[in-house]
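Overview (structure and organization)
Here is how the chains run, residue by residue.
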Amino acid sequence: MIQIEGLRKAYHSRGRTVVAVDGVDLEVREGEVYGVLGRSGAGKSTLLRCVNLLERPDAGTVTVDGVDLTALPERRLRQHRQRIGMIHQHFALLSSRTVAGNVAFPLEVMGVDRRERAQRVAELLDLVGLGDRARAYPAQLSGGQKQRVGIARALAGRPTVLLSDEATSALDPETTASILELLRDLNRRLGLTILLITHEMEVVKRICDSAAVLREGRIVESGRVRDLLTRP
Ligand code: ADP
Ligand code: ADP
């Protein structure tokens, strides 16, 4: 579902070069929950942002659903990016719009008409258990509810792949457990392939089928989680 080959990304600032991702190969199979684990600064976020080309790699290819995104012209890339959902540590909601308005936003960008939009928003909110909060504003929600809105919005374009950037790092343990459970449930029910990054082993243990450990931009270990956990 996702094939990353020879991925490299460096940043240049004030005469210094930081190689954030340094030759990464990675394969996420369809229907899998895949975790990339690493400390702060390891390159996780750069790697994830290269998967939907929010960050343009210096070298390597990123193939999602059989399409090499690095080879696409900008306009076609935008179309493909709509099919890759993303959720964020701090939710990234629009504070001036309601819950429904946040979920409707990507549908508006895609040009989905009003009636279909209203129906899709209602379905998406039901899917994440927020059917009764459509008219609330983000400031009126708990952290867990905000992330549910983020998830509903990420699913608006019916993506086959969901990218998760430390989605539970800002949440308490109980809320973390319920969000991970929701992601697992969506993975099973919709066949959604999930690629997540995290600095917490616990997240990997709870929901990932496979995982890789990233250190200084390189993968130092990878495999099925049950094998990784029993390895000496
Ligand atoms: P992680 O998500 O694992 O914390 P990042 O991908 O954010 O790692 O960062 C990897 C390395 O790249 C770090 O050394 C970081 O300082 C550097 N880096 C990330 N983004 C930028 C940027 N926009 N400009 C310069 N350096 C960056
Ligand atoms: P905002 O004031 O945040 O911009 P709107 O009232 O304009 O929100 O609604 C934005 C979108 O959400 C619209 O496309 C509308 O169809 C949908 N929507 C609004 N209220 C509901 C609701 N109660 N249930 C489902 N969808 C809704």
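In case you missed it, the structure is sitting above this.
These lines cover the structure that appears in this document, whether it is placed above or below. A quick note: this is a predicted structure, and the numbers were derived from the prediction, not measured.

On to the site of ligand 1, then. Neighbouring ligand 1 are the residues Y11, V18, A20, R39, S40, G41, A42, G43, K44, S45 and T46. One nitrogen or oxygen atom from the main chain of R39 is found 3.5 Å from an oxygen atom belonging to ligand 1. Note that an oxygen atom of ligand 1 is positioned 2.8 Å from one of the backbone N or O atoms of S45. Protein contacts shield 60% of the accessible area of ligand 1, which totals 560 Å² for the unbound molecule.

Looking now at a nonpolar patch on the surface. A cluster of nonpolar side chains, contributed by L94, F105 and V109, occupies part of the molecular surface with about 250 Å² of accessible area. Along the chain, L94 turns up in the loop between β6 (84-88) and α3 (99-110).

In the vicinity of ligand 2, the contacting residues are R97, T98, A100, G101, A104, R117, A118, V121, A122, A134 and R135. Between an oxygen atom of ligand 2 and a main-chain N or O atom of T98, the distance comes to 2.5 Å. Separating an oxygen atom of ligand 2 from a backbone N or O atom of A100 is a distance of 3.5 Å. Burial of ligand 2 by the surrounding chains reaches 66%, relative to a free accessible area of 550 Å². The set of elements that each furnish at least two residues to the shell around ligand 2 consists of α3 and α4 (114-127). Residue contributions to the shell around ligand 2 peak at four residues, all from α4. Its residues placed into classes, the shell around ligand 2 shows six nonpolar, two polar and three charged.

Mapped onto the fold, D25 is located in strand β2 (residues 16-28). Residue classification places D25 among the exposed residues on the basis of a relative accessible area of 52%. Separated by 36 residues in the primary sequence, D25 and T61 have C-alpha atoms spaced 9.4 Å apart. With residues near it in sequence (within four places) discarded, D25 still touches I4, E5, G6 and I219. Here the side chain of D25 touches G6 through a polar contact of 2.7 Å, landing on its backbone nitrogen.

This part takes up the layout of surface pockets. Taken as a whole, the largest pocket encloses approximately 600 Å³ of empty space. Around the largest pocket, the lining comprises 19 residues; the ones closest to its centre are R81, Q82, I84, P106 and R153. Elements with a contribution of two residues or more to the lining of the largest pocket: α2 (74-81), β6, α3 and α5 (143-154). A breakdown of the residues in the lining of the largest pocket according to their chemical character gives eleven nonpolar, five polar and three charged.

Counted according to the given criterion, the structure contains zero disulfides. Of the cysteine sulfurs around C50, a residue in no disulfide, the closest is that of C208, at 20 Å. Since its relative accessible area comes to 7%, C208 is described here as buried.

About the criteria used
Residues numbered from 1 in each chain as written. Chains lettered and ligands numbered in written order. Predicted model: local features only at pLDDT ≥ 70, side-chain atom pairs only at ≥ 80, totals over all residues. Heavy atoms only, no water. Near = heavy atom within 4 Å. Polar contact = N/O pair within 3.5 Å; in protein donor to acceptor, adjacent residues only side chain to side chain. Areas by Shrake-Rupley, 256 points an atom, 1.4 Å probe, with all protein chains shown as cover. Patch = residues over 30% accessible without salt bridge, like charges linked within 9 Å, V, L, I, M, F, W, Y side chains within 5 Å. Salt bridge = Lys/Arg side-chain N within 4 Å of Asp/Glu carboxyl O. Helix = DSSP H or I, 4+ residues; strand = E, 2+ residues; numbered from the N terminus. Nonpolar A, V, L, I, M, F, W, Y, C, P; charged D, E, K, R; others polar. Buried < 20%, exposed > 50% of the residue type's maximum accessible area, 1.4 Å probe, protein only. Contact = heavy atoms within 4.5 Å. 1 Å grid on protein atoms, 1.4 Å probe; cavity = no way out; pocket = protein on both sides within 12 Å on 5 of 7 lines; lining within 4 Å. Points joined across faces, edges and corners; volume = space filled by probe spheres on them. Disulfide = S-S within 2.5 Å.

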